[in-house]
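# Chain and residue survey
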Amino acid sequence: MFNIILFGPPGSGKGTQSEWLIKNFGLTHISTGDLLRSEIEAGSEMGIEAKKYIDQGQLLPDKVMIGMIEELLRKNTNTKGYIFDGFPRTVAQAEGLDALFQRLNMELAVLISLDVEEEELKKRLIQRGKVSGRSDDNEVVITQRIKEYLNKTKVVESYYQDQGKLEKVNGIGAIEEISNNISEIVKKYHKE
Ligand code: AMP
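What comes next is a walk through the structure. (Residues numbered from 1 in each chain as written. Predicted model: local features only at pLDDT ≥ 70, side-chain atom pairs only at ≥ 80, totals over all residues. Heavy atoms only, no water.)

### Overview of the packing of helix α4 (residues 62-75) against helix α5 (residues 91-104)
At a minimum axis separation of 10 Å, α4 and α5 run at an interaxial angle of 25 degrees. By the angle between their axes, α4 is roughly parallel relative to α5. Where α4 crosses over α5, the two elements pack in a sense that is right-handed. Along the contact surface, α4 presents Asp62, Met65, Ile66, Ile69, Glu70, Leu73 and Arg74, while α5 presents Ala92, Gln93, Gly96, Leu97, Leu100, Phe101, Arg103 and Leu104. (Axes fitted to C-alpha atoms, helices over the stretch in contact; angles between N-to-C directions. Helix = DSSP H or I, 4+ residues; strand = E, 2+ residues; numbered from the N terminus. Parallel < 35°, antiparallel > 145°, perpendicular 65-115°, else oblique. Left-handed = near helix turned anticlockwise from the far one by under 90°. Contact = heavy atoms within 4.5 Å.)

### A look at the sheet that holds strand β5 (residues 166-170)
Strand order in the open sheet formed by five strands is β2-β3-β1-β4-β5, with parallel pairing between adjacent strands. On the outer flanks of this sheet lie β2 (28-31) and β5, each paired with one strand and no other. Across the sheet, the mean angle separating the axes of adjacent strands is 20 degrees when strand polarity is ignored. Two elements, β2 and strand β3 (residues 82-85), share four bridges in a ladder whose sense is parallel. Its bridge partner lying in β3, Ser31 is registered against Asp85. (Pairing = 2+ DSSP bridges.)

### Concerning the packing of aromatic side chains
Going through the model one piece at a time under the given rule, you end up with five aromatic pairs. Ring geometry for Tyr159 and Tyr160: centres 5.1 Å apart, planes at 80 degrees, overall edge-to-face. Given a relative accessible area of 0%, Tyr160 falls into the buried group. (Phe/Tyr/Trp six-rings, centres within 6.5 Å; stacked < 30°, edge-to-face > 60°. Buried < 20%, exposed > 50% of the residue type's maximum accessible area, 1.4 Å probe, protein only.)

### Remarks on the nonpolar core
Core analysis: the biggest nonpolar cluster contains 27 residues, and Ile5, Ile69, Leu73, Phe84, Leu97 and Tyr160 have the highest contact counts within it. Mapped by element, the contributors of at least two residues to this core are β1 (3-7), α3 (45-54), α4, β3, α5, β4 (108-115) and α8 (156-161). Here the element with the most residues in this core is α4; it accounts for five residues. Counting 17 residues, the second-largest nonpolar core is a separate cluster that includes Ala109, Val169, Ile178 and Ile182. (Core = buried A, V, L, I, M, F, W, Y, C linked by side-chain atoms within 4.5 Å.)

Shown next, in the form of structure tokens:
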């Protein structure tokens, strides 16, 4: 199994690059943001709770997120591997994922971090808000989401760097060029 984390601030292109990786490497996509939005659409109890956090640009509690990932991984074992997109977002989540991998006899190959500066992120997210219909793609919530990223998420990079599993990619430029750079990294870590 080949498991990777696609990491980066909101608006860094994780979703776009995940699509490309799914097509080219046949991996299964786990986007916690997408999962939570489907829960909201379904009107589930989890969705109602999640909306309160999402609409304020706040992260959901770690326990809830780790529980969600555990349930998914236990259900879907028939895959070449996973792309985690939007998880882990805190060191506690990263530790939870490590523990879970150990229990399930799985391993993380690499975390690929998309590097994009703050002004560009804001510009992209405001632009996306015009078409995405997402309740959190507006200026006030965008600012809060970036703040959460800087306060709680960015440090996750160092967590994986300490394990020798961090690879950084410039997230600014043509989409194909970024995909190619990611692809080179994936090939480097992918052992058949
Ligand atoms: P995303 O689509 O990844 O930008 O996520 C949208 C929102 O969902 C975030 O701003 C958080 O409120 C929530 N969310 C998604 N993933 C996580 C996570 N791993 N931990 C906590 N909250 C999350």
